[in-house]
Amino acid sequence: MVSGGIAAYKVADLVSQLLQAGCQVRVAMTAAATRFVGGATFHGLTGQPVQTDLWANTGQAEPHVALGDWAQAVLLAPATANLLAKLAGGHSDDLVTATVLAARCPVVVAPAMNDAMWAKPAVAANLSVLRERGFTLVEPESGRLASGHAGAGRLASAAEIFAGLEAAIRARYDLAGRRVVVTAGGTREAIDPVRFISNYSSGKMGHAVAEAAAERGATVALVTTAPFAGHPGVSVRRVESALEMLDTVRQELDGADLLVMVAAVADFRPARTVSGKIRREETETLELKLERNVDILAELGKDSQAEGVFRVGFAAEDADLEAHAAEKLARKKLDAIVANDIRGGVFGSDENEGVMFFRSGERLALGRSSKRQMAERILDAVKDRLR
Ligand code: CTP
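Residues numbered from 1 in each chain as written. Predicted model: local features only at pLDDT ≥ 70, side-chain atom pairs only at ≥ 80, totals over all residues. Heavy atoms only, no water.

## Focus on the overall build of the chain
Right, so step 1: Each helix and strand in the chain was counted, giving 13 helices and 17 strands.
Right, so step 2: For the chain, the C-alpha atoms occupy an extent of roughly 90 × 50 × 40 Å along the three principal directions.
Right, so step 3: When the 387 residues of the chain are sorted by exposure, 46% land in the buried category.
Right, so step 4: Counting contacts in the chain only where the partners sit at least 6 residues apart, residues at least 24 apart contribute 64% of the total.
Right, so step 5: Just so you have it, the chain exposes about 19100 Å², and 49% of that area is on carbon and sulfur atoms.
Right, so step 6: A distance of 1 Å separates the average location of the 44 positive side-chain charges in the chain from that of its 47 negative side-chain charges. (Helix = DSSP H or I, 4+ residues; strand = E, 2+ residues; numbered from the N terminus. Buried < 20%, exposed > 50% of the residue type's maximum accessible area, 1.4 Å probe, protein only. Contact = heavy atoms within 4.5 Å. Areas by Shrake-Rupley, 256 points an atom, 1.4 Å probe, with all protein chains shown as cover. Lys, Arg positive; Asp, Glu negative; His and termini not counted. Charge placed at Lys NZ, Arg CZ, Asp CG, Glu CD.)

Shown next as structure tokens:
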């Protein structure tokens, strides 16, 4: 993203270096930037149309969302004082600001301006807002400025900007190259073609783990019983019963680094599934005989295929969290277990609470947070332990 400063001309060279380093680059410019460098320069370098207008008919209903979704990182160079103010204020009145607001990926800002502008408290205040909100800042250099003054405000060198981009990408995509399998939802054990036994699990926690892992760069297979809207980087396998889940997890586990078994597997299933619909008229009472279901994690614990996979279980507990979790960790041969405290009414909720126990004996309190935040904490805790 190029904004309107004299340093815009340097960005042509930067784009060329990014392309030579193997990156795919798309350029968007503010209207002011086009007064310093022509869009044809960036078009020629990237071979891609240069976007300057939120309202241009590009065939995309929301070009700012499309651009943010496409990118793994957004770089703003040069970022003028005006652009910094707009970003800090959350404006979205042109393609560049709207793309930044819509982006889910890391944003790197390389400001460049006159030294007097750079020294103003208003600029410093905007920068500290952006830093607080997670933007990566590549500070300008000191030297001779276009105005003839000398001081801080020159666009950082290409090497510094590359380093900033790399740091932001590494921090964000810390599961790149990893294959993660996540299970979610309550299994459905068929009584007849229209009825089943299940539980209150909504699938939200497992879905949050799958989305978080994908956004951190992992290739994710989500084996779920619950409807899932879809997410970039997540391939979905819908299943019903525990047996089907075991079978599908086994298929997906090839080459996996991490398995997170969030699914609430029904511990018992009907001993027999009736092939035709059971009709009310045919019976006054109905007795269901249940038999013990397959224990997916325990079965996987016997598979040599699962040996290299870091296995995390979930345990829904309403008492004696620690003792139950420790027992399950050992019995199911897990590397870690998240003991979910269900006393706070977490089923179907957007929040969760729990403690994580590791085979090594470590204990990590996860506190109460949104399911997405809990997913991030779990991934933070396991990412450096993967084999
Ligand atoms: N699990 C499994 N197969 C089952 C039951 C549970 O793989 N048949 C997994 C769950 O996905 C979860 C972990 O085992 O990751 C713990 O589940 P939990 O239901 O708490 O354990 P149980 O063995 O069923 O123990 P209990 O019902 O006695 O609490």
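Still more to cover.
## Considering the side chain of Thr248
Right, so step 1: Looking at the element boundaries, Thr248 is found in helix α10 (residues 242-252).
Right, so step 2: For Thr248, the side chain forms a polar contact with the main-chain oxygen of Glu244, separated by 2.7 Å.
Right, so step 3: Among residues more than four places away in sequence, those in contact with Thr248 are Val223, Arg237 and Val239. (Polar contact = N/O pair within 3.5 Å; in protein donor to acceptor, adjacent residues only side chain to side chain.)

## Brief notes about the packing of helix α1 (residues 8-20) against helix α2 (residues 39-46)
Right, so step 1: Packing of α1 against α2 brings their axes to within 10 Å, and their N-to-C directions diverge by 10 degrees. Comparing the axis directions of α1 and α2 gives the class roughly parallel. Touching Ala8, Val11, Ala12, Val15, Ser16 and Leu19 of α1 are Thr41, Phe42, Leu45 and Thr46, all from α2.
Right, so step 2: Considered class by class, the residues forming the contact of α1 with α2 number seven nonpolar, three polar and no charged. (Axes fitted to C-alpha atoms, helices over the stretch in contact; angles between N-to-C directions. Parallel < 35°, antiparallel > 145°, perpendicular 65-115°, else oblique. Nonpolar A, V, L, I, M, F, W, Y, C, P; charged D, E, K, R; others polar.)

## What to know about the pattern of salt bridges
Right, so step 1: Taken as a whole and judged by the stated rule, the model has 31 salt bridges.
Right, so step 2: In this structure, the salt-bridge partner of Arg104 is Asp69, at a minimum N-O distance of 3.6 Å. Placement of Arg104 in the loop between α5 (95-102) and β2 (107-111) and of Asp69 in helix α3 (residues 63-70) is noted, with a sequence separation of 35 residues between them.
Right, so step 3: Assessed through its relative accessible area of 57%, Arg104 is described here as exposed.
Right, so step 4: A relative accessible area of 46% places Asp69 in the partly exposed class.
Right, so step 5: When salt bridges with common partners are traced through the structure, they connect Arg172, Asp174, Glu215, Arg216, Arg372, Glu376, Asp380 and Lys383 into a single cluster. (Salt bridge = Lys/Arg side-chain N within 4 Å of Asp/Glu carboxyl O.)

## A closer look at the packing of aromatic side chains
Right, so step 1: Per the counting criterion, the structure on display carries zero aromatic pairs.
Right, so step 2: A cation over a ring is seen here: Arg172 above Tyr173, with NZ or CZ 5.9 Å from the ring centre.
Right, so step 3: The ring centre of Phe358 lies 3.8 Å from the NZ or CZ of Arg385, which sits over that ring. (Phe/Tyr/Trp six-rings, centres within 6.5 Å; stacked < 30°, edge-to-face > 60°. Lys NZ or Arg CZ within 6 Å of the ring centre and 35° of its normal.)

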